[in-house]
Amino acid sequence: MDNVTDKSSIAAIICGYERGGTTLISEILRQYPNLYSGFECGLLLAEKMPEFLSLEPYNSMTKLSWRIKDDELEYVCQANTWLDAYKRLKEKTRLITKQEGALIFDKTPKYMQKLSQVLAKVPDVPCIVIVRDPRAVLWSWAKRSGLGVQKWVKEHLDSHCERYLSYANGWKEAVENGLGDQILLIQYESLCINPVDNARKIFEFIGLEFDNSYLHFQEESKKFDNVYNDTVSSSYINEYKDKFSQETCTKILDKTAEFQDLFFNIN
C-alpha cells in the first residue's frame, strides 16, 4: 500500500495470534524515536466507542498500560470517529512526555479474528498481521495453561485448533473483502531467521525509516517481559518439537491444513 502520510491519529495496527509474535513486533517498533504503544488497547473491538468503557479486559488493560485515568478514557470514547479517539488517546496517555512529533500504534492480537470489521473503522491505516506455525502457537497456549501436556492435548487440543482457525479466517475474510492492500503479512519464523529484511519491510509499509539498531532492546528500555532476549532470536521457533509428540504435531497440522501454504513451514 502507499505510505500513509497523515499519522496524526495512529501510525499502525498490529495483530496476530496470542503468543504469536505481536509483542516482538511491538518491541521493535518502540525502538523508533517517539513511537509509543501500551501493551494492548482493543479499542476497535467495540461495536461503538462508548461500549469500550465496559469491554473487559481491554478497558482495564488500556488504563493500566497506556497510563490513563477513568475520566480520560471516557473522554477518548466520546470522540466522533475512531481516528479521533486515537488522537485523544495520544493526547491523554502518560506514555508520551513530549507530544510534538509523537506517534502511537495499537497492538491487539484479537483484531486478527475480526479484521474486516476492525479495518473498516480505520481506513488507510497500515495493519501488520504476524502469523506463526500452529504447532508453536498451540504449544505456547498449552504451556501457559499450567496443565500437563497430555491432559491439555486430551482436553483442549481440538478447541484450540478451532481457535487458531478463527484467527486465520479473520485474516482470510479481510483479504477476500478487498482489504489486502491495507495488510502486511509477516511470518514469525521468517522474522526471527531474517530480522533485518522483515523489520525493514514492516517499517517501509508503515512509512517510517528503519535502522538496524531497532533490533536491539536495551534492558532498561525494554517494555515487555515476554520478549525474552535483547534482540530478535530464533531460539523459540521449534520449542514445540521437544514438547508435543509427533502424533500431536501431525494432528495439529491436519486440522489447520487449509492455511499451511500461507502461514507456516511444515518441515
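Preceding this section is the structure that the text describes.
To keep things clear, this report deals only with the structure shown in the data block. All figures in this text were calculated on a predicted structure; none of them were measured in a lab.

Quick word on the overall build of the protein
Then step 1. From N to C terminus, the protein includes 11 helices and five strands.
Then step 2. Over its C-alpha trace the protein gives a radius of gyration of 18 Å, about what one expects of a compact globule, namely 18 Å for 267 residues.
Then step 3. Residues counted as buried form 52% of the 267 residues belonging to the protein.
Then step 4. Of the contacts made within the protein by residues no fewer than 6 positions apart, 75% connect residues no fewer than 24 positions apart.
Then step 5. A total of about 12,600 Å² of accessible surface is found on the protein, and carbon and sulfur atoms cover 45% of it.
Then step 6. The protein carries 33 positive and 39 negative side-chain charges, and their two centres are separated by 4 Å.

Concerning the state of the cysteines
Then step 1. By the definition in use, this model includes zero disulfides.
Then step 2. Lacking any disulfide linkage, Cys 192 is separated from the closest cysteine sulfur, that of Cys 15, by 17 Å.
Then step 3. According to the relative accessible area criterion, Cys 192 is buried, its value standing at 5%.
Then step 4. Not engaged in a disulfide, the cysteine Cys 249 finds its nearest cysteine sulfur in Cys 161; these two sulfurs lie 11 Å apart.
Then step 5. On the basis of relative accessibility, which here comes to 5%, the residue Cys 249 falls in the buried class.

Section: the sheet that holds strand 3 (residues 103-107)
Then step 1. The parallel open sheet is built from five strands, whose spatial order is 2-3-1-4-5. For this open sheet the edge positions go to strand 2 (35-36) and strand 5 (183-187), each flanked by a neighbour on one side alone.
Then step 2. Alignment of strand 2 against strand 3, held across two bridges, turns out to be parallel. Pairing of Tyr 36 across the sheet is with Ile 104, part of strand 3.
Then step 3. Those strands touched by helix 7 (residues 149-179) are strand 1 (12-16), strand 4 (127-131) and strand 5, and its axis lies near 145° from that of strand 5.

Thresholds, definitions, all that
Along every chain, residues carry numbers that run from 1 in the direction the sequence is written. In keeping with the model being predicted, local features are shown solely for residues with a pLDDT of at least 70 and side-chain atom pairs are shown and tallied solely at 80 or more, while totals for entire chains, interfaces and linings include all residues. Calculation of side-chain values draws on the structure's entire complement of heavy atoms; hydrogens and water are dropped beforehand. Only DSSP runs of H or I reaching four residues or more are called helices, and only runs of E reaching two or more are called strands; each is numbered from the N terminus. Note on method: radius of gyration uses C-alpha positions; expected globular size equals 2.2 Å times residues raised to 0.38. Accessible area is worked out with a 1.4 Å probe on protein chains only. A residue is then buried under 20% of its type maximum, exposed over 50%, and partly exposed in between. Between two residues, a contact is recorded if the distance between any of their heavy atoms is within 4.5 Å. Throughout, the Shrake-Rupley method with a 1.4 Å probe supplies accessible areas, and for residues the shown protein chains are the sole cover considered. Just so you know, the count uses Lys and Arg for positive and Asp and Glu for negative, and it drops His and the chain ends. We put the charge of a Lys on NZ, of an Arg on CZ, of an Asp on CG and of a Glu on CD. Only a pair of cysteine sulfur atoms within 2.5 Å qualifies as a disulfide here. Criterion used throughout: strands pair if DSSP finds at least two bridges between them. Note on geometry: axes are lines fitted to C-alpha atoms, helical ones only across the stretch in contact, with angles between N-to-C directions running from 0 to 180 degrees.

Just distances and angles here, no functional claims.
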